[in-house]
Amino acid sequence: MFCCLKNCLNGVLPAQSVHITKTANPVQLDSSHMGHEVVIIKNGLRACGTGGVLANAPLVQSKSYFEVKLQQSGHWSIGLATQQTDLNQSVGGKDRESWCLNSNHLVLHGGDVIYRLDASKGSAVPNGGQNSPGHTVPGTVPVDLSPISAPPAFPSAASPPGGSGESGLPQEGDTIGVAYDHVELNFYLNGKNLNVPVLNVRGTVYPCLFVDDGAILDIVLDNFAYGPPPGFERILVEQSLL
């Protein structure tokens, strides 16, 4: 835990800083909705340690977008969740309250594999379930969180310079984009659509990050590296009507 914290701090946290300071953008990671062993620093934008954390603003607008920078590899999950999800788990998508892309190249919801990303086919393979287009039988494949010896490839072209290369696999330094329009949840790798649409996301959902095994994630809420798809924009805070 000490080694992880040392890497996570990376010179950005003075010794006396124990509270998250507000940034110009009021949206940030929420210290009141995080796992017991999660560490949040960098003005509420960086997560490390073990467990999950939600952002402090729900996705209420019609088309929302945010990005996550993979600052350091490890086990991670990125996606959406309600406030009822178990944030003391180290993996997102294992309960019915979260929908996540994981570092082991699976898209999970309720412990079921919605998509299994297959290197041999060079594409994402639907694994059944109501979230998978053209499939109605729920998926029940056990989730293996151990490292994958031959990791499957995402169905994306070669990434831009400085990206993840021809394999299309996310790795340290890459950026995962997340777009949600209350119909589909979509993931992007360095600006390229991964073509793994997740349907039937229910309830009031928030951006969520899960970290473990040394992973460090930075949530990007504006000044995006790749920019949102057409019609999407950064997360807006719902304003009360006077």
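Residues numbered from 1 in each chain as written. Predicted model: local features only at pLDDT ≥ 70, side-chain atom pairs only at ≥ 80, totals over all residues. Heavy atoms only, no water.

Asker: Any chance you could explain the overall build of the protein here in plain terms?
Answerer: Of regular secondary structure, the protein possesses 1 helix and 16 strands. Evaluated residue by residue, the protein yields a buried proportion of 48% over its 242 residues. For the protein, restricting intrachain contacts to residue pairs at least 6 apart in sequence, the fraction spanning at least 24 positions comes to 62%. Taken as a whole, the protein presents about 11,300 Å² of accessible surface, with 51% of it coming from carbon and sulfur. (Helix = DSSP H or I, 4+ residues; strand = E, 2+ residues; numbered from the N terminus. Buried < 20%, exposed > 50% of the residue type's maximum accessible area, 1.4 Å probe, protein only. Contact = heavy atoms within 4.5 Å. Areas by Shrake-Rupley, 256 points an atom, 1.4 Å probe, with all protein chains shown as cover.)

Asker: Please explain the side chain of Thr-82 as it appears in this structure.
Answerer: Residue position: Thr-82 is located in the loop between strand S5 (75-81) and strand S6 (98-102). Reaching out from Thr-82, the side chain makes a polar contact with the side chain of Glu-97 at a distance of 2.6 Å. Look past the residues within four positions of Thr-82 in its chain and what remains in contact with it is Leu-54, Glu-97, Trp-99, Arg-202, Thr-204 and Val-205. (Polar contact = N/O pair within 3.5 Å; in protein donor to acceptor, adjacent residues only side chain to side chain.)

Asker: Explain the packing of aromatic side chains to me, please; I cannot follow it from the model alone.
Answerer: For any pair of aromatic rings, the description rests on two quantities: the centre-to-centre distance and the angle between the ring planes. If you walk through the whole model with that rule in mind, you get 1 aromatic pair. Here Tyr-65 and Phe-224 contribute two aromatic rings whose centre-to-centre distance is 5.0 Å and whose plane-to-plane angle is 80°, an arrangement assigned as edge-to-face. Here Tyr-65, found in strand S4 (residues 64-72), pairs with Phe-224, found in the loop between strand S15 (216-220) and strand S16 (233-234); they are 159 residues apart in sequence, far enough to count as distant. We classify Tyr-65 as buried; its relative accessible area is 2%. (Phe/Tyr/Trp six-rings, centres within 6.5 Å; stacked < 30°, edge-to-face > 60°.)

Asker: In this structure, what is going on with the pattern of salt bridges? I would like to understand it.
Answerer: In total, this model carries 3 salt bridges according to the counting rule given. A salt bridge links Lys-42 to Asp-218; the nearest nitrogen and oxygen atoms lie 3.2 Å apart. Taken together, the positions of Lys-42 in the loop between strand S2 (37-41) and strand S3 (46-55) and Asp-218 in strand S15 put the pair 176 residues apart, joining distant regions of the chain. Given the relative accessible area of 5%, Asp-218 is considered buried. Asp-218 is the partner of Arg-46 in a salt bridge, and the nearest nitrogen-oxygen pair spans 2.7 Å. With Arg-46 in strand S3 and Asp-218 in strand S15, this residue pair connects regions lying 172 residues apart in the sequence. Classification of Arg-46 by relative accessible area gives buried; the value is 5%. The structure contains a network of salt bridges with shared partners spanning Lys-42, Arg-46 and Asp-218. (Salt bridge = Lys/Arg side-chain N within 4 Å of Asp/Glu carboxyl O.)

Asker: Teacher, can you tell me more about the nonpolar core here?
Answerer: As a rule of thumb, soluble globular proteins bury nonpolar side chains together. Within the largest apolar cluster, 38 residues are counted, with the highest numbers of intra-cluster contacts made by Ile-78, Leu-185, Phe-187 and Leu-209. Setting aside its immediate chain neighbours within four residues, Leu-209 contacts Leu-29, Ala-47, Gly-51, Gly-52, Val-53, Val-68, Ser-77, Ile-78, Leu-217 and Ile-219. Grouped together as the second largest cluster of nonpolar side chains are 7 residues, Leu-54, Leu-87, Cys-100 and Cys-208 included. (Core = buried A, V, L, I, M, F, W, Y, C linked by side-chain atoms within 4.5 Å.)

Asker: Is there a simple way to explain the environment of Gly-177 in this structure?
Answerer: As for its position among the elements, Gly-177 is in strand S10 (residues 175-180). Judged by its relative accessible area of 2%, Gly-177 falls in the buried class. Along the primary structure Gly-177 and Ile-219 are separated by 42 residues, whereas in three dimensions their C-alpha atoms are 9.9 Å apart. Ignoring any residue separated from it by four or fewer positions in sequence, one finds Gly-177 in contact with Tyr-65, Phe-66, Glu-67, Asn-186, Phe-187 and Tyr-188.

Asker: Hey, could you run me through the environment of His-36 in this one?
Answerer: Along the chain, His-36 falls in the loop between strand S1 (29-34) and S2. Taking the relative accessible area as the measure of exposure, His-36 reaches 73% and is therefore exposed. Placed 15 residues apart in sequence, His-36 and Gly-51 show a C-alpha to C-alpha distance of 7.3 Å.

Asker: Can you help me understand the environment of Asn-25 in this one?
Answerer: Inspection of the secondary structure assignment puts Asn-25 in the loop between helix H1 (2-9) and S1. Counting along the chain gives 210 residues from Asn-25 to Ile-235, while the straight-line C-alpha distance between them is 9.7 Å. Setting aside its immediate chain neighbours within four residues, Asn-25 contacts Leu-221, Asp-222 and Arg-234. At 2.9 Å, the side chain of Asn-25 forms a polar contact with the backbone nitrogen of Val-27. Here the side chain of Asn-25 touches Asp-222 through a polar contact of 3.2 Å, side chain to side chain.

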